[in-house]
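The chain contents come next:
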Amino acid sequence: MITNILFPTDFSDNAWSAAVYALQLYKEEECKFYFLHSIKLTVSTMSNLSNKLLKVMADNALKELNDLKTLAEDSNTNANHEFEIILSTDDLQKAIDASIQKYDIDITVMGTKGSAGAKGFLFGSQTVRVINKIKNCPVLIIPEEFDFVKPTQIAFPTDFNRFYGEETLNIKRLAELYNSKIRILHINEEDKLTHLQENNLEMLKTYFTNYAYSFHWMPDYAKKTQEINDFIEELDINILVMINYKHSLIEKIIKEPVITKIGFKPLVPVLVIPCTT
């Protein structure tokens, strides 16, 4: 079964670094990778540009996409990997959404920030917009200059307030790549679990029956981001998985006014899975 992977790119080093990580992550898998670049221009910008200049911009972007494809092919040794390019005149969110639909994309891979990203930000504004807008495909976010490490330890924080169904399939697929252990983290905000939380915990046990998993309980002693950071360091976590829904932890994090130095040290890749219900 072929895995279809989308790489939105602004041709920055960060975008290429994210692609390199994904090539390593899926090294043994049969995959088709799509490099996507968007050259959406505002009406005011377009009115000041001639058609000839617009064509030059499109031609330049197409050349850079082809160069990127060649670079990926030359640096990749898996004969089961194919590469395609997509040049879109939609804005990035629309371009990603359209590509997901058209090419049956399984996962979108992005860097934490683009060429204009500010130092110290966990997620660039463009990445945040993609997380918020894309509801039909997981997004894997790779920290800047992150060297690939086999993700044998996966952290999955949950408050047990949500019933998960198809979302867990993405966690299972990730775990299957490297026979990874799934570390389910709960930060105790309550003295004891409610009946609903108990039921959802039991459902997770059922979902992960054939996988190596364990539950971990932490007291509510600091900001969630700090506690997750401590957990990542303590258990040598390689990938953090978060399910995105209304009032979820990832939503709270990305809605902070300034998402700087929120505590993930060292930063690890974050797989954001949209909630299907």
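In case you missed it, the structure is sitting above this.
Please read these numbers as outputs of a predicted model, since none were measured by experiment. (Residues numbered from 1 in each chain as written. Predicted model: local features only at pLDDT ≥ 70, side-chain atom pairs only at ≥ 80, totals over all residues. Heavy atoms only, no water.)

A.B. asks: Whenever I open this one, the environment of Ile 142 confuses me. Can you help?
C.D. replies: Here Ile 142 is to be found in strand S5 (residues 139-142). The class of Ile 142 is buried, set by a relative accessible area of 0%. On a C-alpha basis, the gap between Ile 142 and Val 20 in space is 10.0 Å, while along the polypeptide they are 122 residues apart. Setting aside its immediate chain neighbours within four residues, Ile 142 contacts Asn 14, Ala 18, Tyr 21, Val 109, Met 110, Gly 111, Thr 112 and Pro 269. (Helix = DSSP H or I, 4+ residues; strand = E, 2+ residues; numbered from the N terminus. Buried < 20%, exposed > 50% of the residue type's maximum accessible area, 1.4 Å probe, protein only. Contact = heavy atoms within 4.5 Å.)

A.B. asks: What am I meant to see in a nonpolar patch on the surface here?
C.D. replies: On the surface, Leu 53, Val 56 and Met 57 cluster together to form a nonpolar patch covering roughly 220 Å² of accessible area. With a relative accessible area of 38%, Val 56 lands in the partly exposed category. (Patch = residues over 30% accessible without salt bridge, like charges linked within 9 Å, V, L, I, M, F, W, Y side chains within 5 Å. Areas by Shrake-Rupley, 256 points an atom, 1.4 Å probe, with all protein chains shown as cover. Salt bridge = Lys/Arg side-chain N within 4 Å of Asp/Glu carboxyl O.)

A.B. asks: Would you mind going over the sheet that holds S5 with me for this structure?
C.D. replies: Hydrogen bonds along the backbone pair up the strands of a sheet, which may run parallel or antiparallel. The 10 strands lie next to each other as S3-S2-S1-S4-S5-S10-S9-S6-S7-S8, forming an open sheet whose pairing is mixed. Of all the strands in the sheet, the pair left with one neighbour each is strand S3 (81-88) and strand S8 (213-219). Neighbour-to-neighbour, the strand axes of the sheet open up by a mean angle of 25°, direction not taken into account. Where S5 and strand S10 (residues 270-274) come together, 3 bridges link them in antiparallel fashion. If you follow Val 139 over to S10, its bridge partner there is Val 272. (Pairing = 2+ DSSP bridges. Axes fitted to C-alpha atoms, helices over the stretch in contact; angles between N-to-C directions.)

A.B. asks: Sorry, what's going on with helix H6 (residues 167-177) here?
C.D. replies: An α-helix turns once every 3.6 residues. As a result, residues three or four positions apart point the same way. Of all the 11 residues making up H6, 8 are buried; the element is thus mostly covered by neighbouring parts of the structure. Considered for burial, the residues of H6 that qualify are Glu 167, Thr 168, Asn 170, Ile 171, Lys 172, Leu 174, Ala 175 and Leu 177. Just past H6, the residue Asn 179 takes up positive phi, approximately 50°.

A.B. asks: Explain the packing of aromatic side chains here, please?
C.D. replies: For any pair of aromatic rings, the description rests on two quantities: the centre-to-centre distance and the angle between the ring planes. For the structure shown, the criterion picks out 14 aromatic pairs. Residues Phe 148 and Tyr 178 carry aromatic rings whose centres are separated by 6.2 Å and whose planes lie at 55° to one another, so their mutual orientation is tilted. Residue Phe 148 is located in the loop between S5 and strand S6 (153-157), and its partner Tyr 178 is located in the loop between H6 and strand S7 (181-188); the two are separated by 30 residues in the primary sequence. Among the residues examined, Phe 148 registers a relative accessible area of 26% and is labelled partly exposed. A residue is classified by how much of its surface remains accessible, and Tyr 178, at 18% relative accessible area, is buried. Ring geometry for Phe 208 and Tyr 213: centres 6.3 Å apart, planes at 45°, overall tilted. By relative accessible area, which is 0% here, Phe 208 ends up buried. Taken together, the ring pairs connect Phe 160, Phe 208, Tyr 213, Phe 215 and Trp 217 into an aromatic cluster. (Phe/Tyr/Trp six-rings, centres within 6.5 Å; stacked < 30°, edge-to-face > 60°.)

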